Amino acid sequence: MAEEDGLDIGTEEGKSGGKKKLIIIIALVLVLVGGGAAAYFLLFSGSDDAETAESAEAALVNEPSTYLALDPAFTVDFMVEGKQRYVQLNMSVKSKNIDQINAVTMHMPLIRNSLVLLFSSQSFDELQTADGKMALKQAALDAINGILEQETGQGGIDAVLFTNFVMQ
């Protein structure tokens, strides 16, 4: 009788161990199938996005440029050799993508904040040169496109234009 009880216990342990193995194998198969499906989706959906982006860029080439003035003017003060100096500049942005012009309007507080920080970090002496102004234009363009990429997923601003630049 003790032997029969021992056989029953061993048989139950063998059955439950087999069920655990079967569940683990099924789970592994599901994970592999899910991973394969995800890899397929990522590999083949990326080419459609690239083609769509290229066709959208090609369509924008024929669009007229749109301009947006970043009003009011930016005024930044500098301390140069013990004297208070000021730079006042008016800016506009240019883009062929009207959606990105609208995005600039929507995110204007964030863009203005970034530009004020950029302008105030400049050297007054460097801004007096043409190279300094061109570098500032490029840095402003990069800052605006960086914010737009962060907020909308794409840049889209083609140029930054200084419509007024006064140093005193």
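Residues numbered from 1 in each chain as written. Predicted model: local features only at pLDDT ≥ 70, side-chain atom pairs only at ≥ 80, totals over all residues. Heavy atoms only, no water.

1. Digging into the overall build of the chain
So, point 1. The secondary structure content of the chain amounts to five helices and four strands.
So, point 2. When the helices and strands of the chain are listed from N to C terminus, the series reads α-β-β-β-α-α-α-α-β.
So, point 3. Once local pairs closer than 6 in sequence are excluded, the contacts in the chain between residues at least 24 apart make up 69%.
So, point 4. In the structure as shown, the chain presents an accessible area of about 11400 Å², 59% of it carried by carbon and sulfur atoms. (Helix = DSSP H or I, 4+ residues; strand = E, 2+ residues; numbered from the N terminus. Contact = heavy atoms within 4.5 Å. Areas by Shrake-Rupley, 256 points an atom, 1.4 Å probe, with all protein chains shown as cover.)

2. Quick look at the pairing of strand 2 (residues 74-80)
So, point 1. Here strand 2 shows a buried face lined by Phe74, Val76, Phe78 and Val80 and an unburied face lined by Thr75, Asp77 and Met79.
So, point 2. Connecting strand 2 to the antiparallel partner strand 3 (residues 83-95) that follows it, the hairpin turn spans two residues, and Glu81 within it adopts a positive phi of roughly 50°. (Buried < 20%, exposed > 50% of the residue type's maximum accessible area, 1.4 Å probe, protein only. Pairing = 2+ DSSP bridges.)

3. Quick look at the packing of helix 3 (residues 108-120) against helix 5 (residues 130-152)
So, point 1. Taken N-terminus to C-terminus, the directions of helix 3 and helix 5 make an angle of 150°; their axes are 10 Å apart at the nearest point. For helix 3 against helix 5, the interelement crossing comes out right-handed. Residues Leu110, Ile111, Ser114, Leu115, Leu118 and Phe119 of helix 3 touch helix 5, and the partners they reach there are Leu136, Ala139, Ala140, Ala143, Ile144, Ile147 and Glu151.
So, point 2. Here the residues of the contact of helix 3 with helix 5 are counted per class, giving 11 nonpolar, one polar and one charged. (Axes fitted to C-alpha atoms, helices over the stretch in contact; angles between N-to-C directions. Left-handed = near helix turned anticlockwise from the far one by under 90°. Nonpolar A, V, L, I, M, F, W, Y, C, P; charged D, E, K, R; others polar.)

4. With respect to the nonpolar core
So, point 1. Counting 29 residues, the largest nonpolar core has Leu70, Met91, Val93, Val104, Leu115, Phe119 and Ile144 as the members making the most contacts within it.
So, point 2. Here the element with the most residues in this core is helix 5; it accounts for six residues.
So, point 3. Sequence-distant contacts of Leu70, defined by excluding residues within four places in its chain, comprise Met91, Ser92, Val93, Val104, Met108, Arg112, Leu115 and Ile144. (Core = buried A, V, L, I, M, F, W, Y, C linked by side-chain atoms within 4.5 Å.)

5. Notes on the pairing of strand 3
So, point 1. Note: strand 1 (residues 66-69) against strand 3, four bridges, orientation antiparallel. Bridged to Leu68 within strand 3 is Val93.
So, point 2. One ladder, built from seven bridges, connects strand 2 with strand 3; its direction is antiparallel. For Phe78, the partnering residue across the bridge sits in strand 3 and is Arg85.
So, point 3. In this sheet, strand 4 (residues 159-167) lies alongside strand 3 in antiparallel orientation, the contact comprising eight bridges. Residue pairing in the sheet places Lys94 in a bridge with Ala159 of strand 4.

6. Observations regarding the side chain of His107
So, point 1. Of note, His107 is situated in the loop between helix 2 (98-106) and helix 3.
So, point 2. For His107, a relative accessible area of 15% corresponds to the buried category.
So, point 3. With residues near it in sequence (within four places) discarded, His107 still touches Glu151 and Thr152.

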